[in-house]
Structure formats: structure tokens, C-alpha cells
Amino acid sequence: MDANPIVLDDAAEDVVVVVVEGEHDIYTAPTLRERLDEALARGGGVVIDLSTATFVDSSVLGALLDARRRALEAEQGFVVCIGESVEPGVQRILDVTGLVPVLPVVNGRDAAIDAVRATGNGAGE
Amino acid sequence: MSAAPDVRLSLPARAEGVAVVRQALAGLADALDFDPAVLADMKMAVSEACTNVVVHAYGEREGNLDVEMLVDEPGLTIVVRDQGSGIDRDAPRSDDVPALGLGLPLIAALSDAFELRGERGQGTEVRMTFRYSRDGDPAQERPVQGGVGKDGRWDPEAARGTTTP
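In this text, all values refer to a predicted model and were calculated from it rather than measured experimentally.

This part is about the overall build of chain A. Across its full length, chain A carries four helices and seven strands. In chain A, the succession of α and β elements from N to C terminus is β-β-β-α-β-β-α-β-α-β-α. Taken over C-alpha atoms, the radius of gyration comes to 13 Å for chain A, in line with the 14 Å a tight globule of 125 residues would show. Judged by the C-alpha coordinates and their principal axes, chain A covers about 35 × 30 × 25 Å. Each of the 125 residues in chain A was classed as buried or not, and the buried ones make up 50%.

Right, dumping it as C-alpha cells:
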């Protein structure tokens, strides 16, 4: 069993959620890139849910920024979300890099899905 | 201060080793009763230093990632060292490297003191110190410079935030 899973949740149908759980760094970044590729390939909006992540480093930010660039090029919505209680190992790197408004990062998965839909770039748009 | 032992680790410079170093650091910091916010900064900075070794130090060769954690009066000093290709300040930025170029700026921003040693062909040593108590936030004193460039990668010259593609 993977202690740090990255899974796709397509319960929202028009927006696929990439759920990132546990600690992630240079070792798991290739898996994250694969999951992001899968999510983008579905053609709709993409949410990255970091609410159960406990640590992410710059390797993860690199994967997120690459996916964000491709999403923008393909006119697919792309939003990162965190939970109400954010681990310092996630919040700190977002804060010190100034990436909260860039990625962008919002609070809560539902708000993130709404934000992606509000861009008009969910699947079927 | 606590009688927590100094720690020395030497392991193959592979991606899976970075989490091992973080776990060892977390155990030591717990024994030293560090504030969770400082521990988060330590784990981040050490991960970035170890990642630099894994990604940059040895190319296709095998090599070691050496880490020392030294307990001292003002705080915990962590040294991350390799015997790799060293710092090539003239090296062009490669698109093949799966890194963002944020490692050293993050280490500088998150540590209370930071020193980088090494030249081309002589390996590299990153030495960072984290104090038991902080007067302020080092990331405020030495903020990470740069932002996301038009190519979607980290650009030290870009304004904080991003340029809109």
C-alpha cells in the first residue's frame, strides 16, 4: 500500500480532482506528473487537492507549474486547493514563494471546483 | 541543551533517500523540542539541499549523499555534502533537470544562517543553521526572489508572482 498516494477523483464529472496525500518530493514528483498528465488528458478542468498533503517541496511545485502552463495553453481550468487546517510543510512553501495567487490556491475542494467551472473551462464547455 | 546525539548519515544519492533524511531530522528535532514551524522550515530546507545532490551532483554516476546534524548551543546545524561535480556557476540552465531552480533561494529564506561551499569538480557543501528560538521570520528578512516566468518555470529575475502568459 502506498503511504503517499496520488489518486484521481472524477466524482465531479466535469472537473477531475488530483488528490495528493502525505509527503511528496523529488521521489514522488514523477508519479505526480503522470497523474497530472492523466488529469489534463481528460480535457476538462483540473483541481489539485493538497488538503491531505503533509509536505511538498519545490519538485512538486515544478510539476504543478508545468501542469498549470499546459492547462492554460489548452484553455483548461486549473486550481489548487488546501484544507481549513493546512500543514506547515505545505502552507510555508506556498507563502514564501508567493505562489498562492499564481497557481492559484483556494480553500476547500468545493470552492476549487466552483472556481474551475467559473472559468468556463470544465469538461464539455 | 538536550543530550540529543549528533547524527551522521551517508546514503546513495537517490531520490528515495531524501525522505529518509527528513525522517531522521524530524526525530532529532523532536528530541530537541523545536517549534513545529521551525521544524517545517528545517525539513523543507534539508529536502531542497538533498534534492540538489540527487539531481545535480553526480550526473549518471553513483555517489553518496552525506548529511551531518550538529547540535550546538544556538541551534541545530545541518550539513549536506556530496563529492560530485561541484558548483559550476557558468553552467547553462538545463530543461532536462526536473527541478525548479528554487532550492538555494528556499534554503536561504528558511534557515537562520546559510553557507554554500564548493567549486567545480570539488563537491558541494551546504551548511544551514536553525536557532532554537527566533526573533523574527528569516523568510521576511531574506525573501525568495523571483516569480514564474513566461516559460512557466521559476525565473529569479521575474517579479514576485507571475507574468501572465
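The next thing to look at is the sheet that holds strand β3 (residues 75-82) of chain B. Residue and element names in this part refer to chain B. Across the sheet, which stays open at both edges, the five strands sit in the order β1-β2-β3-β5-β4 with antiparallel pairing between neighbours. The sheet is open, and its two borders are formed by β1 (7-12) and β4 (113-117), each paired with just one other strand. If you compare each strand with its neighbour and ignore which way they point, the axes differ by 10° on average. Bridging between β1 and strand β2 (residues 64-71) involves six bridges; their strand directions are antiparallel. Bridge assignment links Pro12 to a residue of β2, and that residue is Asn64. Sitting on the sheet, helix α1 (residues 17-31) is in contact with β1, β2 and β3, with an inclination near 170° to β1.

Our next topic: the packing of helix α1 (residues 29-41) of chain A against helix α2 (residues 58-73) of chain A. Residues and elements named next belong to chain A. It is the contact of α1 with α2, at a shortest axis distance of 9 Å, that shows an interaxial angle of 20°. Between α1 and α2, the interaxial angle falls into the category roughly parallel. Read as a crossing pair, α1 and α2 show a hand that is right-handed. Seen from α1, the contacting residues are Ala29, Leu32, Arg33, Leu36 and Leu40; seen from α2, they are Ser59, Val60, Ala63, Ala67, Arg70 and Ala71. Its residues assigned to classes, the contact of α1 with α2 shows eight nonpolar, one polar and two charged.

The next thing to look at is the sheet that holds strand β6 (residues 78-82) of chain A. Residues and elements named next belong to chain A. One open sheet accounts for five strands, arranged β1-β2-β4-β6-β7; its pairing is mixed. Two strands in the sheet have a free side with no partner beyond their single neighbour: β1 (6-9) and β7 (105-107). Pairwise comparison of adjacent strand axes, ignoring direction, gives a mean angle of 30° for this sheet. In the sheet, strand β4 (residues 45-49) pairs with β6 via four bridges, with the strands oriented parallel. Considered in β6, the bridge of Asp49 is made with Cys81. Contacting β2 (15-20), β4, β6 and β7, helix α4 (residues 109-118) runs over the sheet at an angle of about 155° to β4.

Conventions we followed
- Residues numbered from 1 in each chain as written.
- Chains lettered and ligands numbered in written order.
- Predicted model: local features only at pLDDT ≥ 70, side-chain atom pairs only at ≥ 80, totals over all residues.
- Helix = DSSP H or I, 4+ residues; strand = E, 2+ residues; numbered from the N terminus.
- Rg over C-alpha atoms; globule rule 2.2 N^0.38 Å.
- Buried ≥ 20, exposed ≤ 12 C-beta atoms within 10 Å, placed from the backbone.
- Pairing = 2+ DSSP bridges.
- Axes fitted to C-alpha atoms, helices over the stretch in contact; angles between N-to-C directions.
- Contact = placed C-beta atoms within 7 Å.
- Parallel < 35°, antiparallel > 145°, perpendicular 65-115°, else oblique.
- Left-handed = near helix turned anticlockwise from the far one by under 90°.
- Nonpolar A, V, L, I, M, F, W, Y, C, P; charged D, E, K, R; others polar.

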